[in-house]
Amino acid sequence: MPFAQIYTRNLPMRHPTYRRPYTPRVHISNLPVEILFMIMGFLPTLDLVPLPQVCKLFKHLLSDDLFWRSQYRSASILRPAGPFRGQSTAFLRNALVLSARVAQNWPPYTLSPTPKIATTRIGENSRIFPAFPFSKLLAGRWLIAGDEQLIWCYDLPNPIPRIFYRPHLVANFFQCVSTTNDKGELVVFAVSETQIGRSRRGINIYKVAMEHNGPVITSRILRQDVPDNYSGASDVTIGPRFLAVVPKGPYFIQTLPIIIDITTFQRYDISLPASLLQSAPRASHTSTFIPTTSYLLALYTFWTQPNGFHSLILAWPLQLQLSSGPPKLYRRLTPHGSKT
């Protein structure tokens, strides 16, 4: 007897009227669209990112403009202003996802908004200093921060940093500045004051390129040694054409900033007339230099007795070459605000 007949003979006979009960197929895609939108509304923003890859239904639902506008309006994380009528669905979705990644990687302080403090112990003494004395945010995404030994670049959506700048020995000052040139392009520069040993100090100006993975220092366009009595760099101001490295106080009026053309990378010297040096006080409390399209403005604030505070504003005309002649005395103010 064949094996198939022997095998089937031993099987129990099924009742001829037996029918398997019908059970309808239950799947999340069978739910109404309103219920699906309600479920997706409770999900975190980052959990919505891979959902369009699950099926065509989820991809179609997550392309709805009203859904993303509702999510953007009800989100509790820090995000750009909106939603506005001119903002597209893709912009709202990308901005919300980027803001959610930043909020996840950079949680706010829970106790107080004071900066993080690091402690370094040397023998029995301990020294407390801010962890990041130098910091600058570029293009709303790249955080340039570090200390005297090393400068890091942080991508806000990605908390893993990379090395941005390593000084030769010690950086007493570091700052990044950005502006828009005549073509509407973003240009970025980095300025550092480095010290080698106890005597050799210098100001370095670097060109920074914005690449797909963030800002990168491409070249050094200026290295200027400074004397021992140089008080050090305190600020960097930039305009459409010129960059100025402002020294620290006390602000002697004859201590002028380092001026460089950001298009030709040439340095320019400015001077003051002898009559102004003789009439103005020796030192000022504050000093600010502002490069504009037409002028380089300098604001000095002096304290003299018994008259009190005086303000002096000077203007150098910015032409094809920065004028090395005497500046125009724009105005000099007394404590009462009258011109003298």
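Let me sum up the structure you'll find in this document. Fair warning: this is a prediction, and the values are worked out from it, not measured in the lab.

Parameters at a glance
- Residues numbered from 1 in each chain as written.
- Predicted model: local features only at pLDDT ≥ 70, side-chain atom pairs only at ≥ 80, totals over all residues.
- Heavy atoms only, no water.
- Core = buried A, V, L, I, M, F, W, Y, C linked by side-chain atoms within 4.5 Å.
- Buried < 20%, exposed > 50% of the residue type's maximum accessible area, 1.4 Å probe, protein only.
- Helix = DSSP H or I, 4+ residues; strand = E, 2+ residues; numbered from the N terminus.
- Contact = heavy atoms within 4.5 Å.
- Salt bridge = Lys/Arg side-chain N within 4 Å of Asp/Glu carboxyl O.
- Pairing = 2+ DSSP bridges.
- Axes fitted to C-alpha atoms, helices over the stretch in contact; angles between N-to-C directions.

**Considering the nonpolar core**
Grouped together as the largest cluster of nonpolar side chains are 19 residues, with contacts concentrated most on Phe 189, Val 191, Ile 203, Ile 205, Leu 243 and Val 245. Counting residues per element, the ones that place at least two in this core are β7 (170–180), β8 (186–196), β9 (200–211), β10 (214–226), β11 (233–238), β12 (242–247) and β14 (258–261). With residues up to four places along the chain from it excluded, the contact list for Val 245 reads Val 191, Ile 203, Ile 205, Ala 233, Asp 235, Pro 257 and Ile 258. Membership of the second largest hydrophobic core comes to 17 residues, among which are Ile 259, Ile 270, Leu 272 and Ala 298.

**Describing the pattern of salt bridges**
The final tally for this structure, using the stated rule, is five salt bridges. Asp 225 is the partner of Arg 223 in a salt bridge, and the nearest nitrogen-oxygen pair spans 3.0 Å. On the accessibility criterion, Arg 223 (25% relative accessible area) is partly exposed.

**Looking at the sheet that holds strand β5 (residues 151–155)**
On the basis of which strands lie adjacent, the open sheet formed by four strands has the order β3-β4-β5-β6 and antiparallel pairing. What marks the edges here is a single partner per strand, and that holds for β3 (134–138) and β6 (158–165). Within this sheet the neighbouring strands show an average axis-to-axis angle of 25 degrees, counted without direction. Here β5 pairs with β6 via four bridges, running antiparallel. Bridged to Ile 151 within β6 is Tyr 165.

**Some details on the pairing of β14**
Burial along β14 is two-sided: the residues Ile 258 and Ile 260 and Ile 259 and Asp 261 are all buried. Here four bridges tie β12 to β14, and the two strands are oriented antiparallel to one another. In the strand pairing of β14, Phe 242 is matched with Asp 261. Judged from the two bridges that link them, β14 and strand β15 (residues 267–268) form a sheet pairing that is antiparallel. Residue Ile 259 lies in a different strand from β15, and its bridge partner there is Tyr 268. Hairpin connection of β14 to β15: five residues between the antiparallel strands, including Phe 265 at a positive phi of 60 degrees.

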